[in-house]
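Survey of secondary and tertiary structure
One letter stands for each residue in the lines below.
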Amino acid sequence: MPKGAVNAALHRNPYIHRYLTDIPFKTHVSLYPALGINLLFAAIKLFYGAYYRSIWFGTLAVYYIMLAVMRFLLLRYVSHNGIGKAIFSEWKHYRLCGIILMLMNIALSGVVILVVRENESFHYAGYLIYVVAMYAFYNIITAVRDVVKYRKYNSPVMSASKSVKLAAALVSMLSLETAMLMQFDAGENPPFFRSVMTASTGGGVCAIVLVMAVYMTIQSTRQLKILRNNSTGALEMAKDRK
């Protein structure tokens, strides 16, 4: 079937048409599966952490729990207020996500330190690692694209949701690297090679998340200050107090 015919068929369905054309609605809907995946990952890591008594898995569980907390806060806000209707409140949620990202960076740094010091890693059976690799690369590509793409809509909540997605994608890439270094190391590399690679990539990921968190916090604080000084901000602040 030609591509144009497929698109026409999809757009005939009112729900699919709205999902494809209404960006705020699409952002709202996408938060549900994202939250579900975060909770699933957190539960798995908590289980393995308790079963194997592993600080490594416990730290990862904390990371995914904090991701889930951010997505839950954004989802609750969007469900009650929509997107683009109360810019003052959106900037407050954007700043809150930036602060939580800073706390997440502590957990992420702990993961990197544990991987390097304890020589721990993920291991995937058989060809599963290739599936995980495709998923991780898809996540990082779409996350970077969305962070850039959704900035033009001037919605702090939408931007926050894409920043959270990028943070999740980055840790997926870090996890993939540690697994591939473990699984495909045939003993040809020096013993310290894996530690150096993991430390370098982990440090880079932590730096990106930290810069992103600091930017979100500073930018939102600046915008909130501007809004407080005009009538729109005053009206929205009064609405928030009710």
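Refer to the structure presented above.
Please read all numbers here as calculations on a predicted model, not as lab measurements. (Residues numbered from 1 in each chain as written. Predicted model: local features only at pLDDT ≥ 70, side-chain atom pairs only at ≥ 80, totals over all residues. Heavy atoms only, no water.)

As a further point, take the overall build of the chain. The number of helices and strands found in the chain is nine helices and zero strands. Start at the N end of the chain and walk to the C end: the helices and strands fall as α-α-α-α-α-α-α-α-α. Going through the 242 residues of the chain one by one, you find that 42% of them count as buried. In the chain, the share of contacts with a sequence separation of at least 24, taken over all contacts with a separation of at least 6, comes to 76%. Of the roughly 13600 Å² that the chain leaves accessible, carbon and sulfur atoms contribute 66%. (Helix = DSSP H or I, 4+ residues; strand = E, 2+ residues; numbered from the N terminus. Buried < 20%, exposed > 50% of the residue type's maximum accessible area, 1.4 Å probe, protein only. Contact = heavy atoms within 4.5 Å. Areas by Shrake-Rupley, 256 points an atom, 1.4 Å probe, with all protein chains shown as cover.)

Right, let's talk about the packing of aromatic side chains for a bit. Scanning the model with the defined rule gives two aromatic pairs in all. Geometrically, the ring pair formed by Y63 and Y64 is edge-to-face, given 5.8 Å between the ring centres and 85° between the ring planes. Judged by relative accessible area, which is 1%, Y63 ranks as buried. Here W91 and Y94 contribute two aromatic rings whose centre-to-centre distance is 5.2 Å and whose plane-to-plane angle is 90°, an arrangement assigned as edge-to-face. Within this pair, W91 and its partner Y94 are both found in helix α5 (residues 87-118), separated by three residues, close to a single helical turn. Residue classification places W91 among the buried residues on the basis of a relative accessible area of 13%. (Phe/Tyr/Trp six-rings, centres within 6.5 Å; stacked < 30°, edge-to-face > 60°.)

What follows deals with the pattern of salt bridges. All chains considered together, the criterion is met by two salt bridges. When the shortest N-O distance is used, the salt bridge between D146 and R145 registers 3.1 Å. In this structure, K165 and D146 form a salt bridge, with 2.9 Å as the shortest nitrogen-oxygen distance. One end of the pair, K165, is in helix α7 (residues 156-183); the other, D146, is in helix α6 (residues 128-149), with 19 residues separating them in the sequence. (Salt bridge = Lys/Arg side-chain N within 4 Å of Asp/Glu carboxyl O.)

Another point: the packing of helix α4 (residues 55-81) against α5. Relative to each other, α4 and α5 sit at 170°, their axes nearing to 9 Å. The orientation of α4 with respect to α5, classified from their angle, is roughly antiparallel. Considered class by class, the residues forming the contact of α4 with α5 number 23 nonpolar, four polar and one charged. (Axes fitted to C-alpha atoms, helices over the stretch in contact; angles between N-to-C directions. Parallel < 35°, antiparallel > 145°, perpendicular 65-115°, else oblique. Nonpolar A, V, L, I, M, F, W, Y, C, P; charged D, E, K, R; others polar.)

Right, let's talk about the side chain of S155 for a bit. With respect to the helices, strands and loops of the structure, S155 is situated in the loop between α6 and α7. Classification of S155 by relative accessible area gives buried; the value is 4%. Reaching out from S155, the side chain makes a polar contact with the side chain of E90 at a distance of 2.8 Å. Look past the residues within four positions of S155 in its chain and what remains in contact with it is I83, G84 and E90. (Polar contact = N/O pair within 3.5 Å; in protein donor to acceptor, adjacent residues only side chain to side chain.)

Core analysis: the biggest nonpolar cluster contains 48 residues, and L67, M70, L101, M104 and L108 have the highest contact counts within it. Those elements that place two or more of their residues in this core are α3 (23-52), α4, α5, α6, α7 and α8 (193-228). Sequence-distant contacts of L67, that is, excluding residues within four places in its chain, are made with N38, M104, V164, A167 and A168. (Core = buried A, V, L, I, M, F, W, Y, C linked by side-chain atoms within 4.5 Å.)

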